[in-house]
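Each chain is listed here by its residues.
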Amino acid sequence: MLTRVDEAGRAVRGCEICGSTASEILSAYSKGQWPVVECDDCSFVYLAVVPSYGALIQEFAWEKTFAAEKKRRRRSRLGWLDSATRWRTKVGHLIDQQRRRRTLGLTGNVLDVGCGVGCRIPEGPTPFGIEISAALAQQASGDFQTRGGKVIHAPATEGFDAFDDGFFAAILMRSYLEHERQPRLVLEKAFRKLAPGGQIFVRLPDYGSLNRRVMGAKWCGFRFPDHVNYFTGQSLRALAESVGFHYTRTNWLSPFDDNIIAVLKRPRIL
């Protein structure tokens, strides 16, 4: 939902969950020109002012902001706590791999939205990717082509249009939806591009996590300005179900898990 553009050419958004434009700034979590707000109507937390897609391709490309984020975490006074509990990510990564493989299946066409530098789709399906960063799309292209697929360099809102409706058996959105300024539009397009019964594997930071409550503004899920959505399980469910998906959360049982892992399934019969 793009409500207007400010004098700097940045998108100023309303709530992607309920459509409200009424919100309250969360000063403790905001940073400079990037206000984090909470929707007055449904309590969804998001960045109200976000970079344009053009800025995300160049100035705020993921590979640039990721390097800056690593430095920020090392300088944090609570950085030792994050480092001391990094074991949790290794366990979570193994479980994540297993669930991703089950969700994406062994055959058909599978799409990775925000694919980054390489192919994360397990062997078996024909892999396709969408990547907004020109540099990352170029790096990933060879991996996809060798398996019969390709990478589309474009914002996801445009990249989906390169494929026929019902083309995909499954879609991967791992570490992606938190970056997307139009998540409702993306999920609507994904719904159409999935075959009936197709599934989306989603993994993203959990604003409702215990770690965010403990770490506050130092939480690893805050990244400015490229994390623009701060989902909880409740808000992600509300968005997915409003589009038409069946929502299932599949996290492993750990109080230290910073992420939401979920499967969004397109019903076979609408």
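Refer to the structure printed above.
This part takes up the environment of H153. Position of H153 relative to the elements: it lies in strand β9 (residues 150-153). Using a relative accessible area of 42% as the deciding quantity, one classes H153 as partly exposed. For the pair formed by H153 and S141, sequence separation is twelve residues and the distance between their alpha carbons is 9.5 Å. Among the polar contacts listed, one links the side chain of H153 to the backbone oxygen of I132, at a separation of 3.2 Å.

Looking now at the side chain of H227. Relative to the helices and strands, H227 is located in the loop between α8 (210-215) and β12 (229-230). On the basis of relative accessibility, which here comes to 5%, the residue H227 falls in the buried class. Apart from the residues within four sequence positions on either side, H227 is in contact with L47, E178, H179, P205 and G221.

Let's shift gears to helix α5 (residues 134-145). The end-to-end C-alpha distance of α5, which contains twelve residues, comes to 16 Å, matching closely the 16 Å that a straight helix rising 1.5 Å per residue would cover. Looking only at α5, the buried set comprises L136, A137, A140, S141 and F144. With its buried residues spanning 145 degrees around the axis, α5 presents them on a single face.

With that settled, consider the packing of aromatic side chains. According to the stated counting rule, one finds 16 aromatic pairs in the structure shown. Their ring planes at 90 degrees and their centres at 4.9 Å tell us that F167 and F168 sit as a pair that is edge-to-face. Note on F168: relative accessible area 1%, which makes it buried. Here the aromatic rings of Y207 and Y230 are separated by 6.4 Å at their centres, their planes lie at 55 degrees, and the arrangement is tilted. Here Y207, found in the loop between β11 (194-205) and α8, pairs with Y230, found in strand β12; they are 23 residues apart in sequence, far enough to count as distant. You'll find Y207 and Y230 in the same group, each marked buried. Taken together, the ring pairs in this structure connect Y29, Y207, W219, F222, F224 and Y230 into an aromatic cluster. Lying over the aromatic face of Y207, R212 brings its terminal NZ or CZ to 3.8 Å of the ring centre.

Before going further, it helps to examine the sheet that holds strand β5 (residues 45-47). An order of β3-β4-β5-β12 is seen for the four strands of this open sheet, with the pairing classed as antiparallel. Here the strands that pair on one side only, and so sit at the sheet edges, are β3 (23-25) and β12. Direction of pairing for β5 relative to β12: antiparallel, over a ladder of two bridges. The residue of β12 that forms the bridge with Y46 is N229.

Here the amide bond leading from F224 into P225 is cis, since omega sits at 0 degrees, within 30 degrees of zero. By the secondary structure assignment, P225 is in the loop between α8 and β12. Even without being glycine, S43 reaches a positive phi, approximately 75 degrees. Mapping S43 onto the fold places it in the loop between β4 (36-39) and β5. Take S43: its relative accessible area is 43%, and that puts it in the partly exposed class. At S175, a position not held by glycine, the phi torsion is positive, near 55 degrees. As for its position among the elements, S175 is in the loop between β10 (168-174) and α7 (183-193).

Conventions used here
Residues numbered from 1 in each chain as written. Predicted model: local features only at pLDDT ≥ 70, side-chain atom pairs only at ≥ 80, totals over all residues. Heavy atoms only, no water. Helix = DSSP H or I, 4+ residues; strand = E, 2+ residues; numbered from the N terminus. Buried < 20%, exposed > 50% of the residue type's maximum accessible area, 1.4 Å probe, protein only. Polar contact = N/O pair within 3.5 Å; in protein donor to acceptor, adjacent residues only side chain to side chain. Contact = heavy atoms within 4.5 Å. Expected span 1.5 Å × (residues − 1). Arc of directions from axis to C-beta. Phe/Tyr/Trp six-rings, centres within 6.5 Å; stacked < 30°, edge-to-face > 60°. Lys NZ or Arg CZ within 6 Å of the ring centre and 35° of its normal. Pairing = 2+ DSSP bridges.

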